[in-house]
Amino acid sequence: MLRPYRESDLEAVVLLFNDSVHHLADKHYDKDRLAAWAPQPPDLKRWAARLASADTWVVETDGKLLGFIAYEPNGHIDLLFTSPAHCRRGIASTLLRHAETALAARGISMLFTEASLSARPFFERFGFEVTEEQDVQRRGVTLRRYAMRKWLVS
Ligand SMILES: CC(C)(COP(=O)(O)OP(=O)(O)OC[C@H]1O[C@@H](n2cnc3c(N)ncnc32)[C@H](O)[C@@H]1OP(=O)(O)O)[C@@H](O)C(=O)NCCC(=O)NCCS
């Protein structure tokens with residue numbers, strides 16, 4: 001079931017993020033990079049603010065969180081993560097389709113994101129193109145990511 005994020009989802013969302021980074025992105029980033037991307041313990045206050053300030057939606061089944069997306073009114077897809085136990089079952093597709101429809105209805109003509117190495121094929125499948133390869137500094141290590149965008153046709 002797709003539904004809006006609630007404050008009570010905070011811990012489950014952060015756990016899913018951590019799990020996803022360590023078990024889905026581990027084919028593309030070494031241990032130091034994964035630790036820099038998903039540091040322990042997580043800063044829950046910062047997470048709460050980030051999720052609350054975005055349009056955040058989750059997919060849930062039987063009370064279990066399977067994935068989440070956070071997007072901004074300007075078309076920015078800030079976060080998109082699926083639980084490793086439930087990947088390749090269309091969960092991220094459901095979340096991104098929702099964001100695309102909602103943003104298009106508000107007159108947004110372009111979606112953009114910064115995709116990890118592991119997420120790039122997913123976004124390409126959805127029609128995003130790479131506009132720039134970026135190396136960002138996180139806690140003393142360099143993380144490669146891709147600025148990507150997708151034009152929405154009305
Ligand atoms: C990227 C991610 C969100 C995809 O989630 P998902 O729920 O598994 O994606 P879907 O099942 O909706 O995938 C739809 C299609 O995208 C493509 N795709 C998804 N993951 C892929 C992968 N790892 N490699 C290649 N193609 C992929 C496939 O075409 C897939 O269709 P198929 O399964 O029928 O072949 C998920 O793997 C994830 O959380 N990754 C780790 C964290 C991350 O990097 N998040 C994004 C930060 S920007």
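Everything that follows concerns the structure shown earlier in this document.
Description of the structure in this document. (Residues numbered from 1 in each chain as written. Predicted model: local features only at pLDDT ≥ 70, side-chain atom pairs only at ≥ 80, totals over all residues. Heavy atoms only, no water.)

A look at the site of the ligand
Working step 1: Neighbouring the ligand are 21 residues, the closest being R88, G90, S93, S116 and R125.
Working step 2: Between the ligand and S116 there is a distance of 2.5 Å, counted from an oxygen atom to a side-chain nitrogen or oxygen.
Working step 3: R125 places a side-chain nitrogen or oxygen 2.8 Å from an oxygen atom of the ligand.
Working step 4: If the ligand stood free it would expose 910 Å²; the protein chains cover 78% of that surface.
Working step 5: Mapped by element, the contributors of at least two residues to the shell around the ligand are helix 1 (10–24), strand 4 (76–82), helix 4 (91–105), strand 5 (110–116) and helix 5 (120–125).
Working step 6: Taken together, the residues that form the shell around the ligand break down as 11 nonpolar, 6 polar and 4 charged. (Near = heavy atom within 4 Å. Polar contact = N/O pair within 3.5 Å; in protein donor to acceptor, adjacent residues only side chain to side chain. Areas by Shrake-Rupley, 256 points an atom, 1.4 Å probe, with all protein chains shown as cover. Helix = DSSP H or I, 4+ residues; strand = E, 2+ residues; numbered from the N terminus. Nonpolar A, V, L, I, M, F, W, Y, C, P; charged D, E, K, R; others polar.)

What about the sheet that holds strand 2 (residues 55–61)?
Working step 1: Strands sit in the order 1-2-3-4-5-7-6 across an open sheet of 7 strands; the sheet is mixed. Whereas interior strands pair on both sides, the edge strands pair on one side only; in this sheet they are strand 1 (2–4) and strand 6 (129–138). With direction set aside, neighbouring strand axes in the sheet form an average angle of 30°.
Working step 2: In this structure, strand 3 (residues 64–71) lies alongside strand 4, joined through 5 bridges in antiparallel fashion. Within strand 4, the residue paired with I69 across the bridge is L80.
Working step 3: Taken strand by strand, helix 1 contacts strand 2, strand 3 and strand 4, and its axis lies near 90° from that of strand 3.
Working step 4: Sitting on the sheet, helix 4 is in contact with strand 1, strand 2, strand 3, strand 4, strand 5 and strand 7 (141–151), with an inclination near 35° to strand 3. (Pairing = 2+ DSSP bridges. Axes fitted to C-alpha atoms, helices over the stretch in contact; angles between N-to-C directions. Contact = heavy atoms within 4.5 Å.)

Quick notes on the pairing of strand 3
Working step 1: Most of strand 3 is tucked away: 7 of the 8 residues are buried.
Working step 2: As paired elements, strand 2 and strand 3 share 7 bridges and run antiparallel to each other. The residue of strand 3 that forms the bridge with E60 is L65.
Working step 3: Following strand 2, the chain reverses through 2 residues before pairing antiparallel with strand 3; D62 in that reversal takes a positive phi of roughly 50°.
Working step 4: The loop that links strand 3 with its antiparallel partner strand 4 comprises 4 residues; one of these, G75, has a positive phi angle of about 100°. (Buried < 20%, exposed > 50% of the residue type's maximum accessible area, 1.4 Å probe, protein only.)

Some points on the environment of D19
Working step 1: Counting through the fold element by element, D19 comes out in helix 1.
Working step 2: A residue is classified by how much of its surface remains accessible, and D19, at 33% relative accessible area, is partly exposed.
Working step 3: When residues no more than four places from it in sequence are discounted, the contact partners of D19 are L24 and P84.

Overview of unusual backbone geometry
Working step 1: Note that the residue after Q40, namely P41, is joined by a cis bond; omega there is -5°.
Working step 2: Examined against the element boundaries, P41 turns out to sit in the loop between helix 2 (31–37) and helix 3 (44–53).
Working step 3: Phi is positive for R88, close to 60°, though the residue is something other than glycine.
Working step 4: Secondary-structure assignment places R88 in the loop between strand 4 and helix 4.
Working step 5: Overall, R88 belongs to the exposed group, its relative accessible area being 84%.
Working step 6: The phi torsion at R139 lies on the positive side, around 50°, for a residue other than glycine.
Working step 7: For R139, the location among the structural elements is in the loop between strand 6 and strand 7.
Working step 8: With a relative accessible area of 54%, R139 lands in the exposed category.

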